Amino acid sequence: MSDTSEHIVIVGAGAAGLMAARELGSAGKRVTILEARERCGGRIHPLPASSFGYPADGGAEFVHGEAPVTRGLAREAGLTVRPIGGAQWSFDGTDFSRENPRDPYDDQLHAVVKDLTDDLTVADFLRRHFAGPEYARLRHAVERMVEGYDAADPERASTLALRDEWMNDGHAKSARIDGGYGGLIDFLAAGCHKSGVAIRFGAVVSAIEDSDGRLTVRGADGAVHVCDRVIVTVPLPLLREIALPAAARAKAAAADDIGFGNVIKILLRFKRPWWRERGGLADMLFLLSDETIPVWWTRQPDQHPVLTGWFGGPRTAELSHLDPQGLIESGLDSLAAIFGRPRETIAQDLIAASAVNWAHDPFARGAYSWATLRTRTAQERLARADGLVLFSGEALYRGRDMGTVEAALASGLETAGMILQG
Ligand SMILES: Cc1cc2nc3c(=O)[nH]c(=O)nc-3n(C[C@H](O)[C@H](O)[C@H](O)COP(=O)(O)OP(=O)(O)OC[C@H]3O[C@@H](n4cnc5c(N)ncnc54)[C@H](O)[C@@H]3O)c2cc1C
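For every chain, the first residue of the written sequence is number 1, and numbering continues from 1 onward in sequence order. Thresholds applied to this predicted model are a pLDDT of at least 70 for local features of residues and 80 or more for the giving and counting of side-chain atom pairs; totals over whole chains, interfaces and linings are not thresholded and use all residues.

### A few points about the overall build of the chain
In this text, helices come from DSSP runs of H or I with a minimum length of four residues, and strands from runs of E with a minimum of two, each type numbered from the N-terminal end. For the chain, the helix and strand inventory stands at 14 helices and 20 strands. Every radius of gyration here is taken over C-alpha atoms, with the globule rule written as 2.2 Å times N^0.38, N being the number of residues. A compact globule built from 422 residues should have a C-alpha radius of gyration of about 22 Å, and the chain, at 22 Å, falls within 12% of that. For the chain, the residues scored as buried account for 46% of the 422 residues in total. Relative to all contacts within the chain whose residues are 6 or more apart in sequence, the contacts with residues 24 or more apart total 73%. Counts of 20 or more other C-beta atoms within 10 Å of a residue's own C-beta define buried residues, counts of 12 or fewer define exposed ones, and intermediate counts define partly exposed ones; C-beta atoms are placed from the backbone. Two residues form a contact once the distance between their C-beta atoms, set from the backbone, is within 7 Å.

What follows is the structure in structure tokens.
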């Protein structure tokens, strides 16, 4: 018999919140989602197809690694997950070269990292094992990956948490969902509606209070919801802003041991794919450089004339003074420097643009989490189903691809499972 008496409030309608809600709703629980934004998806942020020529992703875009929950959900929704194609290029300030994914010292890196038993930060790891001048390129590549891809700080990031990614060359198995991640969110939201889950938008939760075995959830607008249990799925920086009952507050303090990084993502749609005119670059998927906006990618294997710029990690703070227009201009400057074309010529071809510094998003305050040396212990504590206030979301995922949509979906599923198993 399903239990219809328990009322569960879920804070946040991102991937984790929707996944948990769908599970709990379909098991007969009474579920209300309170979402601060006027839309579902959180850090999955679809941009209009009318602007970019396809449903572009202003937030999450790639399916990383095996991602069994994501792929299973996509199958259920009838969405195709397509491997990305194309080559990785780099620009060293003078020349373009097709990246040889293997550094001459790669095997040595793999061997040392494989035998590692005690964790240490990435910066300490490089200082201890790869300090010599001959390793300069390798160090640069590792730091670029940790900062740019994981949005992490090498001085604090855990080497053990990242080693699988290094061993498998981070991008190796990436894919995209046809129609973008928005399709997955629409499917989850429809599933929630079908099982009676109520979703309230514009509902910024400011406090959760304990009163005689029940919980009172207070909104910034004065709204009050009384319930039996709460699942909090907000991004880590927002956790500190919600007043919690003492026990939950003590537990939430563990979040300080989980890193949270930032990303600036810029999408530029042009009249034509002018970069393909440059000899050899027709197959370009990723382009790595040391310009202000260092990483660019195309829609390969699709042919949309859109370039996406990416800047991740602690150094994004250097651009915190720029508004979206300033970021777009910075992106155009970087492309001008890389391709040796006047910025005005590139700008003339621009049809649509979007830029988000995710640290400026009031309901994200950054992009995604990464592991410090103390993160695994903190996650164990936070994910435990003790008490009436539970925590869920990408940052609590103990699997390999932390900070991903898969991490969020798997965490939501895990939290719902713990409640249903009683
Ligand atoms: C630019 C960028 C690119 C990314 N690229 C990828 C990628 O390619 N592949 C990948 O797998 N992952 C990627 N990610 C990470 C991925 O988007 C996240 O890990 C995942 O979407 C997080 O889901 P979540 O449910 O844990 O959190 P969220 O999506 O953040 O959901 C939490 C929800 O809580 C809401 N909220 C916050 N505060 C309150 C409050 N006080 N009251 C009520 N609601 C509140 C928020 O509005 C949000 O909707 C990217 C993220 C960013 C920002």
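### Re the pairing of strand 1 (residues 7–11)
Among the five residues that make up strand 1, four are buried, leaving the element largely enclosed by the rest of the structure. The sheet contact formed by strand 1 and strand 2 (residues 30–34) spans five bridges and is parallel. Across the sheet, residue H7 finds its bridge partner in strand 2, namely R30. With helix 1 (residues 15–26) bridging strand 1 and the parallel strand 2, this β-α-β connection has right-handed handedness. Across four bridges, strand 1 lies against strand 12 (residues 229–232) in parallel orientation. Bridge pairing links V9 to V230 in strand 12. Strand pairing follows a simple DSSP-based rule, namely that at least 2 bridges must link the two strands. Orient the strands so they point away from the viewer; a crossover is then right-handed if the path from the first strand over the helix to the second runs clockwise.

### Brief notes about the packing of helix 1 against helix 14 (residues 405–420)
Axis definition: a line fitted to C-alpha atoms, limited for helices to the stretch in contact. Angles are taken between N-to-C directions and run from 0 to 180 degrees. Contact geometry for helix 1 and helix 14: axes closest at 7 Å, N-to-C directions at 35 degrees. Along this stretch, helix 1 crosses helix 14, giving a crossing that reads as right-handed. Across from A15, A16, G17, M19, A20, E23 and L24 in helix 1, the residues of helix 14 making contact are V405, A408, L409, S411, G412, L413, T415, A416 and I419. We call Asp, Glu, Lys and Arg charged. Ala, Val, Leu, Ile, Met, Phe, Trp, Tyr, Cys and Pro are nonpolar, and the rest, Gly among them, are polar. For the contact of helix 1 with helix 14, a count of residues per class yields eleven nonpolar, four polar and one charged. Handedness of a helix crossing follows the sense of rotation of the near helix relative to the far helix, less than a right angle counterclockwise being left-handed and clockwise being right-handed.

### Notes on the site of the ligand
Nearness between a residue and a molecule or strand is assessed with a C-beta atom placed from the backbone; a distance within 6 Å qualifies. With respect to spatial proximity, 42 residues lie near the ligand, and among them G12, G14, G42, T404 and A408 are the closest. Those elements that provide at least two residues to the shell around the ligand are helix 1, strand 14 (263–270) and helix 14. Here the element with the most residues in the shell around the ligand is helix 14; it accounts for four residues. Partitioning the shell around the ligand into residue classes produces 25 nonpolar, ten polar and seven charged.

### A short note on the packing of helix 4 (residues 106–114) against helix 7 (residues 159–167)
In the contact formed by helix 4 and helix 7, the axes pass within 10 Å of each other and the chain directions differ by 140 degrees. Taken as axis vectors, helix 4 and helix 7 run oblique relative to one another. Classified by chirality, the crossing of helix 7 by helix 4 is left-handed. Of the residues in helix 7, those touching helix 4 at L109, H110 and V113 are T159, R163, W166 and M167. Residues belonging to the contact of helix 4 with helix 7 are distributed by class as follows: four nonpolar, two polar and one charged. Angular relationships are summarised with four words: roughly parallel below 35 degrees, roughly antiparallel beyond 145, roughly perpendicular across 65 to 115, and oblique for the angles in between.

### Focus on the nonpolar core
By convention the nonpolar core is taken to be a set of buried residues drawn from Ala, Val, Leu, Ile, Met, Phe, Trp, Tyr and Cys and joined through C-beta atoms within 7 Å. Ranked by size, the top nonpolar core spans 121 residues in total, and within it I10, L18, A21, V230, V232 and L409 carry the most contacts. Per-element tally for this core: the top contributor is helix 1, with seven residues. Note that the domain bounds were set by an automatic or database domain assignment. Among the domains, domain 1 (7–46 + 181–257 + 373–420) and domain 2 (102–167) are the pair contributing at least three residues each to this core. Excluding residues that lie within four positions of it along the chain, A21 makes contacts with I10, V31, I33, C192 and V197.

### Overview of the pairing of strand 2
Two strands pair when backbone bridges link them, and strand 2 and strand 8 (residues 198–200) are joined in this way by three bridges, in the parallel orientation. Looking at strand 8, one finds that T32 is bridged to A198.

### Examining the environment of H193
Assignment of secondary structure puts H193 in helix 8 (residues 182–194). On the neighbour-count criterion, H193 (13 C-beta atoms within 10 Å) is partly exposed.

### What to know about the sheet that holds strand 8
Read across the open sheet, the five strands follow the order 8-2-1-12-20; overall the sheet is parallel. Only two strands of the sheet have a single neighbouring strand rather than two, namely strand 8 and strand 20 (389–391). Each neighbouring strand pair of the sheet contributes to a mean axis angle of 20 degrees, computed without reference to strand direction. Sheet analysis places strand 12 next to strand 20, joined by three bridges and oriented parallel.

### What about the domain arrangement of the chain?
Domain annotation of the chain identifies domain 1 (7–46 + 181–257 + 373–420) and domain 2 (102–167). Distance from the C-alpha centre of domain 1 to the C-alpha centre of domain 2: 33 Å.

### Quick notes on the environment of L307
Within the secondary structure, L307 is located in strand 17 (residues 306–312). Along the backbone, L307 and G326 are 19 residues apart, and their C-alpha atoms lie at a distance of 17 Å. Every residue in contact with L307, bar those within four places of it in the chain, is listed here: L268, W296 and T298.

### Concerning the sheet that holds strand 4 (residues 81–83)
Spatially, the three strands line up as an open sheet ordered 3-7-4, and their pairing is antiparallel. In this open sheet, the two strands that pair with only one neighbour each are strand 3 (62–63) and strand 4.

### Topic: unusual backbone geometry
When glycine is set aside, most residues are seen to have a negative phi, and most peptide bonds are trans. Backbone torsion omega between Q300 and P301 reads 0 degrees, so that peptide bond is classified as cis. With respect to the helices and strands, the residue P301 is situated in the loop between strand 16 (295–297) and strand 17. Within the chain, A67 stands out as a residue other than glycine whose phi angle is a positive 40 degrees. If you check the backbone angles, A151 has positive phi at about 55 degrees while not being a glycine. Position of A151 relative to the elements: it lies in the loop between helix 6 (136–149) and helix 7.

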